[in-house]
Amino acid sequence: MTGRQWQPPRLRLFEAAHRRATWLELLYDLVFVVAVAELAAVYAAGSLLVFAGLFVPVWWAWAGYVFYANRFDTDDVSHRLLALPQILAVATMAASAGDIEHRSGLFAVSYAVARLLLVVAYVRAGRHVPEARPLTTRYAIGFSLAIAVWLASLAVDPPQRYALWAVAVVIDLATPLFARGHQGRLPPQTEHLPERFGLFVVIVLGEVVAAVVLGLKGHDVTPGVLLVALAGVAIAMGFWWLYFGHLDESVVLRTRLAGQVWVYSHLPLSLGLVAFGVGIEHAITHPSGTSASVGMPAALVLAMLGLQHLCSRDRRAGAIRLAAAALALAASLLPVAAALPVLLLLAAAQVTYDVLRPLPDQDPSPERDPSPERGRSSDQDPAPEEAA
């Protein structure tokens, strides 16, 4: 029992057993439910720029743990001792987001702590997994540099502090790009990674339902208001169908560009889903207003779904999603009463198309060779860039 409780990190990429999210990973996701709700409240208060600016590091903190766990998670005591404090750090980030003007220092320190724990995990993995050391070393250096900038931002006051945050986020996001030469030897595990990203999509879709509930609690439930609320939930269900009806695991092992776009597209996709929920809440409380707060996020969501279809080589469905995104953007110029039926029709038409069309031919996922030195054909690109 003791031997199983304390284990060094090991590569999980080439194991034959089918992987699922662990209970620790689900607990880790739970704190992001709260963080996303706090960020949605920031947007609901009218701070779109602040909402977007805070959403990026929150999502990146989540993605960083996901990619580490995809490669090295052993779910032993040592791994938990590094992961659980990250949960506390993210919880502190969530507590800071609602009053960022007075708690920006606490937000920066919390994020730096979460990332520092991730750096420690990567250093430890590099020590125990020699073949991963070139990759983990580059991650540790890049992420440490970003941490230093986050901490340096404490020396100045806003808005200069936020400018340093932007620099730090760019360093964080760019770090995987400078490690691309080493990622082909350690590609993501196909069944685990899409499941983890799908779970985060479920989290942000839940925020749409929460926003509808909040809108109805603070407003008289008239037939018109109820129709707006039901339409918002129905459109979110359409987004759910369009995403999970085409969750292609093999995309993460296709060309470098396709895998990278698929991963990074989840950031604007998730941001758009949260913004859509807030827009529906606004539509419930202000049904006579314009629909920009609903139509524009819906257009962003559909555009990202289109990109993901293109990454999976489903060009027809990708083109349909992108065309629907353009129509949703045009619908944002209409009143709410006219825009919501248009968005609902767009979602329903695409779901119907997906149900009735023949399944597209998918390239089978490459078989996993238990050896990290498995060969690749000469015309195959290296494994995709990942986001953390």
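From a predicted model like this one, the values you see are computed outputs, not experimental measurements. (Residues numbered from 1 in each chain as written. Predicted model: local features only at pLDDT ≥ 70, side-chain atom pairs only at ≥ 80, totals over all residues. Heavy atoms only, no water.)

1. So, the overall build of the protein
So, point 1. Along its length, the protein carries 15 helices and zero strands.
So, point 2. Burial statistics for the protein: of 388 residues in total, 52% are counted as buried.
So, point 3. Expressed as a percentage of contacts within the protein between residues at least 6 apart in sequence, the contacts between residues at least 24 apart total 83%. (Helix = DSSP H or I, 4+ residues; strand = E, 2+ residues; numbered from the N terminus. Buried < 20%, exposed > 50% of the residue type's maximum accessible area, 1.4 Å probe, protein only. Contact = heavy atoms within 4.5 Å.)

2. A short note on the pattern of salt bridges
So, point 1. Counted according to the given criterion, the structure contains eight salt bridges.
So, point 2. Residues Arg-357 and Asp-314 are paired through a salt bridge, measuring 2.8 Å at the closest nitrogen-oxygen approach. Here Asp-314 lies in the loop between helix H13 (292-311) and helix H14 (315-331) and Arg-357 lies in the segment after helix H15 (336-356), a separation of 43 residues in the sequence. Here the two residues Arg-357 and Asp-314 agree in accessibility, since each one is buried.
So, point 3. A single salt-bridge network, built from bridges that share partners, covers Asp-314, Arg-321, Asp-354 and Arg-357. (Salt bridge = Lys/Arg side-chain N within 4 Å of Asp/Glu carboxyl O.)

3. Quick look at helix H3 (residues 48-72)
So, point 1. Compared with an ideal rise of 1.5 Å per residue, which puts 25 residues at 36 Å, H3 spans 36 Å between its outermost C-alpha atoms and is within 8% of the ideal.
So, point 2. With respect to burial, H3 is a largely interior element, 20 of its 25 residues being buried. (Expected span 1.5 Å × (residues − 1).)

4. As for a nonpolar patch on the surface
So, point 1. On the surface, Leu-27, Leu-30, Val-33, Val-34 and Leu-84 cluster together into a nonpolar patch covering about 400 Å² of accessible area.
So, point 2. Top contributing element to the nonpolar patch by residue count: helix H2 (residues 23-44), with four residues.
So, point 3. Within the secondary structure, Leu-84 sits in helix H4 (residues 77-97). (Patch = residues over 30% accessible without salt bridge, like charges linked within 9 Å, V, L, I, M, F, W, Y side chains within 5 Å. Areas by Shrake-Rupley, 256 points an atom, 1.4 Å probe, with all protein chains shown as cover.)

5. Some remarks on the packing of H2 against helix H12 (residues 266-285)
So, point 1. Packing of H2 against H12 leaves a shortest axis separation of 10 Å and a crossing angle of 55 degrees. When the axes of H2 and H12 are compared, the pair comes out oblique. Here H2 runs over H12; the crossing is right-handed. Across the interface between the two elements, Val-36, Ala-40, Tyr-43 and Ala-44 of H2 pack against Val-274, Ala-275 and Val-278 of H12.
So, point 2. Counted by class, the contact of H2 with H12 contains seven nonpolar, no polar and no charged residues. (Axes fitted to C-alpha atoms, helices over the stretch in contact; angles between N-to-C directions. Parallel < 35°, antiparallel > 145°, perpendicular 65-115°, else oblique. Left-handed = near helix turned anticlockwise from the far one by under 90°. Nonpolar A, V, L, I, M, F, W, Y, C, P; charged D, E, K, R; others polar.)

6. A closer look at the environment of Gly-53
So, point 1. You can see Gly-53 is positioned in helix H3.
So, point 2. Residue classification places Gly-53 among the partly exposed positions, given a relative accessible area of 44%.
So, point 3. Considered as a pair, Gly-53 and Trp-165 are 112 residues apart in the sequence and their alpha carbons are 9.1 Å apart.

7. Thoughts on unusual backbone geometry
So, point 1. For the bond from Pro-158 to Pro-159, the omega torsion is 5 degrees, close enough to zero to count as cis.
So, point 2. Along the chain, the position of Pro-159 falls in the loop between helix H6 (133-152) and helix H7 (160-174).
So, point 3. Non-glycine residue Asp-75 carries a positive phi angle of around 55 degrees.
So, point 4. Position of Asp-75 relative to the elements: it lies in the loop between H3 and H4.
So, point 5. Asp-75 gets classed as partly exposed once you look at its relative accessible area, which sits at 25%.
So, point 6. Notably, Arg-313 is not glycine yet its phi reads approximately 65 degrees, a positive angle.
So, point 7. When you line up the elements, Arg-313 lands in the loop between H13 and H14.

8. Here's the deal with the environment of Arg-124
So, point 1. Note that Arg-124 resides in helix H5 (residues 100-128).
So, point 2. The contacts of Arg-124, once residues within four sequence positions are left out, are Gln-7, Pro-8, Pro-9, Asp-76 and Ser-78.

9. Things to note about the environment of Trp-62
So, point 1. Tracing the sequence through the fold places Trp-62 in helix H3.
So, point 2. Take Trp-62: its relative accessible area is 0%, and that puts it in the buried class.
So, point 3. For the pair Trp-62 and Phe-32, spaced 30 residues apart in the sequence, the C-alpha separation amounts to 7.8 Å.
So, point 4. Excluding anything up to four places from it in sequence, Trp-62 contacts Tyr-28, Asp-29, Phe-32, Arg-196, Phe-197 and Phe-200.

10. Topic: the side chain of Asp-73
So, point 1. Examined against the element boundaries, Asp-73 turns out to sit in the loop between H3 and H4.
So, point 2. Within the local environment of Asp-73, its side chain forms a polar contact with the side chain of His-79, the two groups lying 3.2 Å apart.
So, point 3. Beyond its immediate stretch of four places on either side in the chain, Asp-73 contacts Arg-12, Arg-19, Thr-22, Glu-25, Tyr-68 and His-79. (Polar contact = N/O pair within 3.5 Å; in protein donor to acceptor, adjacent residues only side chain to side chain.)

11. So, the confidence of the model for the protein
So, point 1. Model confidence for the protein is summarised by a mean pLDDT of 86, while 87% of its residues fall at 70 or above.
So, point 2. Segment residues 362-388 is flagged for pLDDT under 50; beyond a separation of four residues in sequence, or across chains, it makes 85 contacts in the model. (pLDDT = per-residue confidence, 0-100.)

12. Focus: the packing of H3 against H12
So, point 1. It is the contact of H3 with H12, at a shortest axis distance of 11 Å, that shows an interaxial angle of 130 degrees. The angle between H3 and H12 places the two elements in the oblique class. Crossing angle aside, the handedness with which H3 passes H12 is right-handed. Judged by residue contacts, Phe-51, Ala-52, Phe-55, Val-56 and Trp-59 of H3 engage His-266, Leu-267, Ser-270, Leu-271, Val-274 and Ala-275 from H12.

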